[in-house]
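A closer look at the structure
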Amino acid sequence: MIILGIETSCDETALAIIETRLDHEASANGGYFEYRILGSLILSQAELHSPYGGVFPTLAKREHAKNIIPLLKDLFDKAEIHSRQNTSSKDNHGIPSFPNSGSNQISETEFNGIVEKFKKEFNGQNPELLEAFVRADFLRTIPLIDRIAVTEGPGLEPALWVGINCAQILSELWHIPIVPVNHMEGHIVGSLLESDKADGVWQRLKTLPLPSVALLISGGHTELIKIDNHNATHQKALSLKYDIIGQTRDDAVGEAFDKVARLLNLPYPGGPHISKLAQEAAELDLHSSIKLPRPMINSGDLDFSFSGLKTAVLYAVRFASEADGQVNLQFKQELSREFEQAVAETLETKLRGAIEQTGAQSIIIGGGVAANKTLRTSFQKIAEEYGVTLFLPSQIISGDNALMIALAGSINDKTKVSADLKANGTKRL
Ligand code: KG4
Ligand code: ZN
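Residues numbered from 1 in each chain as written. Chains lettered and ligands numbered in written order. Predicted model: local features only at pLDDT ≥ 70, side-chain atom pairs only at ≥ 80, totals over all residues. Heavy atoms only, no water.

Turning our eyes to something else, we now look at the environment of glutamate 34. Along the chain, glutamate 34 turns up in strand β3 (residues 32-44). Residue glutamate 34 is classed as buried on the basis of its relative accessible area of 6%. Dropping the residues within four chain positions of it, glutamate 34 is found in contact with Glu19, Thr20, Arg21, Asp23, Trp202, Gln203 and Arg204. A distance of 3.2 Å separates a polar atom in the side chain of glutamate 34 from a polar atom in the side chain of arginine 204. (Helix = DSSP H or I, 4+ residues; strand = E, 2+ residues; numbered from the N terminus. Buried < 20%, exposed > 50% of the residue type's maximum accessible area, 1.4 Å probe, protein only. Contact = heavy atoms within 4.5 Å. Polar contact = N/O pair within 3.5 Å; in protein donor to acceptor, adjacent residues only side chain to side chain.)

Now the structure itself:
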């Protein structure tokens, strides 16, 4: 089965195509789930949002709408999707590759009919998407794609709608079903990918020792999730059960990095800048005289709160500012290091609590903040301490991408009728 993944929940427009199969010969009891990556592209809007100090939802929406169809063209070219042959149907889990069999060309009348229908349905929303769609001749040749997996939430609703609307058009055009995917489930199963390379090599998912705890840390989320009942190598037994056991009561950890960066006059996204300054401070052996709070480490539960930490930074910056309202480089380095340490200690405490509470055999880390080197070292230390397996994905897999969406959409097969799809900004696992 070939799956197109679409991700537009925040400020990355991401598309991917993967192929999946059950390798019956490998096992007597049903076969192993295997996949290969045919293509994966991510277009980041971070620079455009930089002047706003965070993601500006209407701008994100417009950029997704403008870019998604040209990005799809790039993906098709890179994955050579139009020159692929219709091979065997046994790999397709029984779904024929050309459900509207006969010609794989869409007639002018059918194409125009679909454009008119969506013009009415979108009711003035996402005009850039429809414009790009009308110009995209490559879409009129039906590709060997069996299913579309699209993020329906959580995320920024105007941004989510672009991916959903795009999936709806393509689904109607190519007569294929849509699988709505929870973005957080994407982050979890994405960490089981062997690699992020679009090299077309067949792979198996990593085996996930259970129960497991996932710590998802991004610009929009800070969650601890208990995962159980999962057999990652055996598709028929694949059933993931998620329980949210801890979450932020206010800001997400990535958001705290971004807000602190703004207070220190650093560009958005702030995480990498804070991280760089903290590293410089460590190399120069600089320590801050200010001790920031480690929020909620004694709360007795697994919840987080980062807004107080940000406020503590605000006061520290005000106190240290010179007449021009600026703070010097050494202050920025020291405070970045102290802030990163406060975040690390907070996450460590909660992660330890989660492992002890659940008896976890493994830890999954997901979300853009997982790129932070100090935090990665903390997670490695904890995994060693408890003797559990750590899934610490590459920067591409831990940040937002569509590979994880395509994968989650191939594992769960809850297809939805196009008209029933709806963006859900606060969708829970
Ligand atoms: O998962 P992601 O790419 O997008 C969503 O928010 O969904 O995460 C982006 C977040 C931003 O807040 C960014 O500042 C943070 O990840 N980030 C980092 C680092 N790299 C990115 N935070 C700390 N250290 C980093 N090295
Ligand atoms: Zn994310």
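Another aspect to go through is the coordination of the zinc ion (ligand 2). Ligation of the zinc ion (ligand 2) by protein atoms is provided by His183 (NE2), His187 (NE2) and Asp400 (OD), these donors lying 2.1 to 2.2 Å from the ion. All donor residues of the zinc ion (ligand 2) come from one chain, and their arrangement in sequence is H-x3-H-x212-D. Linking histidine 187 in helix α6 (residues 183-190) with aspartate 400 in the loop between α12 (395-398) and α13 (403-411), this pair joins segments that are 213 residues apart in sequence. The class of histidine 187 is buried, set by a relative accessible area of 4%. (Donors = N, O, S within 2.8 Å, 3.2 Å for Na, K, Ca; no water.)

Further remarks concern unusual backbone geometry. Omega for the peptide link from glycine 153 to proline 154 comes to -10°, which places this bond in the cis form. Of note, proline 154 is situated in the loop between β4 (147-153) and α5 (157-174). Omega for the peptide link from leucine 210 to proline 211 comes to -10°, which places this bond in the cis form. Inspection of the secondary structure assignment puts proline 211 in the loop between β6 (203-204) and β7 (212-217). Phi is positive for glutamate 80, close to 50°, though the residue is something other than glycine. Mapped onto the secondary structure, glutamate 80 falls in the loop between α2 (57-79) and α3 (108-122). A residue is classified by how much of its surface remains accessible, and glutamate 80, at 53% relative accessible area, is exposed.

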